[in-house]
Amino acid sequence: MPESTPEPLTKAGSTSESARPTLSEANFDGIVGPTHNYAGLSFGNVASTSNEGSVSAPREAVKQGIAKAAFVASLGIPQGFLPPHERPHLPTLRSLGFGGSDAEVIAKAAAEDFLLLARTCSASAMWTANAATVAPSCDAADGKVHFTPANLRSMFHRSIEPSVTGRALQAIFRDPERFVHHAPLPSADAFGDEGAANHTRLVGHGGRGVHFFVYGRSERESEMPKRFPARQTLLASQAVARLHRLDPASCVFARQRSESIDAGVFHNDVISVGNGNVLLAHELAFADQAGTIEALRQRVPHLVVVTVRASDVGVEQAVKSYLFNSQLLSIPESSGGGMVIVAPTESQEEPAVSAALDRIVSDPTNPIRAVHFMHLRESMRNGGGPACLRLRVQLTDSEIATANRSAFYSPDLHRQLDAWADRHYRTELRPSELADPRLLEESRTALDELTRILGLGSIYDFQR
Ligand code: SUG
């Protein structure tokens, strides 16, 4: 059975139903960084390793991401942006013993350990589903929005993300009366945390959140994946739930199926996605599929589970097409209501997957009305689909009003970002070009300008 506690009928200290303000889900997309490349850094992420050495297209990549965000904004959904990180990350290279001028540090690292240089160059901060876990104010005992940047400790190239992620979130959500920013969990094996990619907020009784945490690591050796790493731990998910002051009765913790991790499901958002009272999941997502769904059903009234069978779409096919790495979005009532799926075009190109999507949309027993396909090939080739590229932040109107508006989508910001990418991004990048010291300069110039566009202040080490 997944670990959970039975639901009490009332929750002491919670906002009463009538006083509960309406929540909107804002999606904060990671802007793809100027060093976007294919160095094959993520073992267990099939797309990342199989595209190692390919030529990337950073300018196209950043524009594909921004176009996706613009599309979501056009659905009437609040949309924000999180900035790329400074790459190559010179402070990391210096901390590992490479000295001299910036150009010398890069040259020495390239000569001595190219893979290490590549690890400090990844644009992986674009996948903001891994940036943090977030709890809305109505679910936290203190009535504040909570953020915990993920420590991302299982991959070195990602373990250098949390501090700048924390600074970016603090630069957007500033008011300490409303927003609580926690430190990342300790970077210990027991606390591997990959953020919101392994967390889903469903809606329970009275609009209260039901927090569904999925982890990969098991205490029993026999239950561990044999081939690929399990990145998230139960202890990490439990710590985040405690820090966010969630009601234990509204939390469900479930383990991923280890065979699916071995087939390339390195995060839960590669095999399931939830929204409101809907869970779209592959039948081989969880170690205890029936028990997990039952635990959710006890807490989410009218839970709709849309299950995709292995006989229709195999796990490998799901990983390849990223069917489940779709965004499942609620359309505001003013724009017609219901839910839509924003899926990668790779799902449309795989006949079995596109047939499964057709069946989902035409099934009247679920609220999903349409599928929109987005072209995100550059990010997809590193294992990042539509859902990887966004961090969901559920906010009340007054919280949105106090957040930093410069980081929210507008057609004007869209034009500015496109022009900014044209000025600073290369059209092509080979992994060998990561050793070019001009890439660092180009990247810093671009990021310095971006912090002004997004009104973020000085968040990068090179600006401090
Ligand atoms: O952590 N890829 C990322 C993809 C993250 C996808 N996120 C979600 N599923 N939410 C990862 O494996 C590859 C980077 C490279 O090789 O440069 C990479 O980090």
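Residues numbered from 1 in each chain as written. Predicted model: local features only at pLDDT ≥ 70, side-chain atom pairs only at ≥ 80, totals over all residues. Heavy atoms only, no water.

Student: I'd love a proper account of the packing of helix H16 (residues 411-424) against helix H17 (residues 437-453), names of residues and values included.
Tutor: Packed helices, taken two at a time, are described by the angle between their axes plus the distance between the axes. Where H16 meets H17, the axes come as close as 10 Å, and the angle between the chain directions of the two elements is 165°. Here H16 is positioned roughly antiparallel relative to H17, judged by the angle of their axes. For the pair H16 and H17, the sense of crossing is right-handed. Between H16 and H17, the residues in contact are Leu 413, Gln 416, Leu 417, Trp 420, Arg 423 and His 424 and Glu 442, Thr 445, Ala 446, Glu 449, Leu 450 and Ile 453, respectively. (Axes fitted to C-alpha atoms, helices over the stretch in contact; angles between N-to-C directions. Helix = DSSP H or I, 4+ residues; strand = E, 2+ residues; numbered from the N terminus. Parallel < 35°, antiparallel > 145°, perpendicular 65-115°, else oblique. Left-handed = near helix turned anticlockwise from the far one by under 90°. Contact = heavy atoms within 4.5 Å.)

Student: Could you give an account of the site of the ligand, naming the residues involved and the relevant values?
Tutor: Neighbouring residues of the ligand: 21 residues in total, closest Leu 41, Ser 42, His 157, Asp 269 and Cys 388. In isolation the ligand exposes 490 Å². Once the protein is present, 100% of that is buried. A class-by-class count of the residues in the shell around the ligand yields 6 nonpolar, 12 polar and 3 charged. (Near = heavy atom within 4 Å. Areas by Shrake-Rupley, 256 points an atom, 1.4 Å probe, with all protein chains shown as cover. Nonpolar A, V, L, I, M, F, W, Y, C, P; charged D, E, K, R; others polar.)

Student: Hey, could you go over the confidence of the model for the chain for me, with residue numbers and the actual values?
Tutor: Per-residue pLDDT for the chain averages 95, and the proportion of residues at 70 or more is 96%. No element of the chain has a lower mean pLDDT than strand E1 (residues 3-4), at 46, and none a higher one than strand E5 (residues 145-149), at 99. Note that residues 1-18 has pLDDT below 50 and, in this model, 40 contacts with residues that lie over four places away or in other chains. (pLDDT = per-residue confidence, 0-100.)

Student: Please give an account of the packing of aromatic side chains that cites residues and values.
Tutor: Going through the model one piece at a time under the given rule, you end up with 10 aromatic pairs. Taking the centre distance of 5.1 Å and the plane angle of 85° together, the rings of Phe 43 and Phe 228 count as edge-to-face. Linking Phe 43 in the loop between strand E2 (23-30) and helix H1 (46-50) with Phe 228 in the loop between strand E8 (209-215) and helix H8 (234-243), this pair joins segments that are 185 residues apart in sequence. You can call Phe 43 partly exposed: its relative accessible area is 46%. (Phe/Tyr/Trp six-rings, centres within 6.5 Å; stacked < 30°, edge-to-face > 60°. Buried < 20%, exposed > 50% of the residue type's maximum accessible area, 1.4 Å probe, protein only.)

Student: If you had to explain the sheet that holds strand E6 (residues 179-181) to someone new, which residues and values would you point to?
Tutor: Spatially, E4-E5-E6 is the arrangement adopted by the 3 strands of the open sheet, whose pairing is mixed. A strand with exactly one partner marks an edge of an open sheet, and here the two such strands are strand E4 (132-135) and E6. Recorded for the sheet is a direction-independent mean angle of 15° between the axes of neighbouring strands. When E4 meets E5, the two strands line up antiparallel, connected through 4 bridges. Within E5, the residue paired with Val 134 across the bridge is Phe 147. Packing against the sheet, helix H7 (residues 162-172) makes contact with E4, E5 and E6, and its axis sits at approximately 160° to E5. (Pairing = 2+ DSSP bridges.)

Student: So what's going on with the side chain of Gln 64? Residues and values would help.
Tutor: Mapped onto the secondary structure, Gln 64 falls in helix H2 (residues 58-74). A relative accessible area of 9% places Gln 64 in the buried class. In this structure, Gln 64 is in contact with His 375, Leu 376, Arg 377 and Glu 378, ignoring residues within four places of it in sequence.

Student: Give me the side chain of His 267: which residues, what numbers.
Tutor: Structurally, His 267 is set in the loop between helix H9 (258-262) and strand E10 (272-275). Assessed through its relative accessible area of 1%, His 267 is described here as buried. Those residues in contact with His 267 that lie beyond four places of it in its chain are Asn 130, Glu 194, Ala 197, Asn 198, Arg 231 and Gln 256.

Student: Before we move on, could you go through the nonpolar core and cite the residues and values that matter?
Tutor: Counting residues in each nonpolar core, the largest one holds 79 residues, and the members touching the most others are Phe 28, Ile 31, Phe 173, Leu 391 and Trp 420. Not counting chain neighbours up to four residues away, the residues in contact with Ile 31 comprise Val 62, Phe 81, Leu 82, Pro 83, Pro 84, Met 126, Leu 417, Trp 420, Tyr 425, Leu 450 and Leu 454. Formed by 20 residues, the second largest nonpolar core is a distinct cluster that contains Val 273, Leu 323, Ala 356 and Ile 360. (Core = buried A, V, L, I, M, F, W, Y, C linked by side-chain atoms within 4.5 Å.)

Student: Could you give an account of the pairing of strand E16 (residues 390-396), with specific residues and numbers?
Tutor: Counting buried positions over the 7 residues of E16 gives 7, a clear majority of the element. Side-chain alternation along E16 places Arg 390, Arg 392, Gln 394 and Thr 396 on one buried face and Leu 391, Val 393 and Leu 395 on a second face that is also buried. The sheet contact formed by E2 and E16 spans 7 bridges and is antiparallel. Bridge pairing in E16 links Leu 23 to Thr 396.

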